[in-house]
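Here is what each chain is made of, one letter per residue.
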Amino acid sequence: MATIPQAIEVLIKATGLPRAGVEYRARYLRNKGLLPKGKRGGGKSAAHLDANHLANLLVSLVASAEQTKAVEATKPLLKAKLAVVIGKENWPKRIINSLNSPFGSEDWLKWTFGKVVAKLIEMAKNDEGREVIDRYLVGLEASLVKEKPRVTLILKDRKQDKVKITTSKGGELKSGSFKIKPEKVWLHYGQKSKDVDDWDSEDLERSTQFEMKASIGRGIFASLAELLDGEEGPKTE
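First things first, this report covers the structure right here in the doc. (Residues numbered from 1 in each chain as written. Predicted model: local features only at pLDDT ≥ 70, side-chain atom pairs only at ≥ 80, totals over all residues. Heavy atoms only, no water.)

### Things to note about the overall build of the protein
Item 1. Assigned secondary structure in the protein consists of nine helices and nine strands.
Item 2. Taking all 237 residues of the protein together, 44% fall into the buried category.
Item 3. The contacts of the protein with a sequence gap of at least 6 include a subset with a gap of at least 24, amounting to 66%.
Item 4. Total accessible area on the protein is roughly 13400 Å²; 47% of this is exposed by carbon and sulfur atoms. (Helix = DSSP H or I, 4+ residues; strand = E, 2+ residues; numbered from the N terminus. Buried < 20%, exposed > 50% of the residue type's maximum accessible area, 1.4 Å probe, protein only. Contact = heavy atoms within 4.5 Å. Areas by Shrake-Rupley, 256 points an atom, 1.4 Å probe, with all protein chains shown as cover.)

### Section: the side chain of S105
Item 1. Turning to its location among the elements, S105 is positioned in the loop between α6 (100–103) and α7 (113–123).
Item 2. For S105, a relative accessible area of 12% puts it in the buried group.
Item 3. A polar contact is formed between the side chain of S105 and the backbone nitrogen of D107, at a distance of 2.9 Å.
Item 4. Contact partners of S105, with chain neighbours within four places excluded, come to N100 and W111. (Polar contact = N/O pair within 3.5 Å; in protein donor to acceptor, adjacent residues only side chain to side chain.)

### Looking at the packing of aromatic side chains
Item 1. Inspection of every chain in the model, using the stated rule, returns four aromatic pairs.
Item 2. Seen from their ring centres, F103 and W108 are 4.6 Å apart, and the 20° between their planes marks the pair as stacked. One exposure class covers both F103 and W108, and it is buried.
Item 3. Ring pairs connect the aromatic residues F103, W108 and W111, which therefore count as one cluster. (Phe/Tyr/Trp six-rings, centres within 6.5 Å; stacked < 30°, edge-to-face > 60°.)

### A word on the packing of helix α2 (residues 19–31) against helix α4 (residues 67–78)
Item 1. At a minimum axis distance of 10 Å, the contact between α2 and α4 shows a crossing angle of 40°. When the interaxial angle is binned, α2 and α4 end up oblique. The chirality of how α2 crosses α4 is right-handed. Residues A20, G21, Y24, R25, Y28 and L29 of α2 lie in contact with α4, whose contacting residues are Q67, T68, A70, V71 and T74.
Item 2. Looking at the contact of α2 with α4 residue by residue, the class counts come to six nonpolar, four polar and one charged. (Axes fitted to C-alpha atoms, helices over the stretch in contact; angles between N-to-C directions. Parallel < 35°, antiparallel > 145°, perpendicular 65-115°, else oblique. Left-handed = near helix turned anticlockwise from the far one by under 90°. Nonpolar A, V, L, I, M, F, W, Y, C, P; charged D, E, K, R; others polar.)

### Quick look at the pattern of salt bridges
Item 1. Applying the stated criterion across every chain, the model contains seven salt bridges.
Item 2. Across the salt bridge formed by R19 and E23, the nearest N and O atoms sit 3.6 Å from each other. A residue pair is termed a helical-turn pair when its members lie 3 or 4 positions apart in one helix, as R19 and E23 do in helix α2 at four residues.
Item 3. One salt bridge in this structure joins D157 and R135, with 2.9 Å as the shortest N-O distance. One end of the pair, D157, is in the loop between β5 (148–156) and β6 (161–169); the other, R135, is in helix α8 (residues 127–136), and 22 residues separate them in sequence.
Item 4. Assessed through its relative accessible area of 1%, D157 is described here as buried. (Salt bridge = Lys/Arg side-chain N within 4 Å of Asp/Glu carboxyl O.)

Interpretation note: all reported values are geometric properties and have no functional meaning in isolation.
And the structure:
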C-alpha cells in the first residue's frame, strides 16, 4: 500500500518538481484532511493512501505554481464539474464514448475532476487500462482564465483511422485510402464564465487568454498506480 513518502518520491521522479514543493503540498494537504494522518513511528503505523488520496496530491501539483496557494486551490478543483467540451465536430463524441467502457460508466462526464483522476490512476494498474490511457489521454493542465482557476483533461485518439474510398474515372473503379488525423479534445472542469469567448478559443494551446500554470503528462498515472498494487479501486457508481 502507498505511503505519503513513497508517493512524494514517485511524483518528484515523474515530474522533476523540487522536493520542497511536493513535500510542502503533502504536509498541508494532510493538515486539511485531504491526506490521511498516520501514527508516530512510521512502519505499519504509517498512513496509507488510496487512489483518491493520490489524486488529491497529484491535482495539488497543478493547482497553482505558488506553494502557499496550491493547497487552498486544490479542494475546489477536485470538486469541479465538467463545464465545457471543446473539439472539432464528431471527434469529442467519438473519443468520449470510447472511454465509457474503460471507465465502467456512461455517466463519467458527470463525475468530479478528482474522481476522474482517481479512476485514471486505478485504471493504470493493469495492461488494459494503461493501453486505454496511452491511446486517449494526453495529460492534465491547469490554467487561470481571468483569475478563475480551471483544470483540463486533454484527450486524443492516437490511433489513426484509415478510411477506404472508391473513385470512378472513365468508367473504371479505383480504390484507395487515406488516414484521418486525430484531433485533440479539451474537457474543461471549473466554473463556466459568462464570457463565452473564454471557452470557445479555436486554438487553446496558443491563446493569450490562458495563463498556463502547470502540465502533467499521462505517464504519471502508471507511476502512481504501481503504489496501489493489490488494492481495491475507487467506487465509480
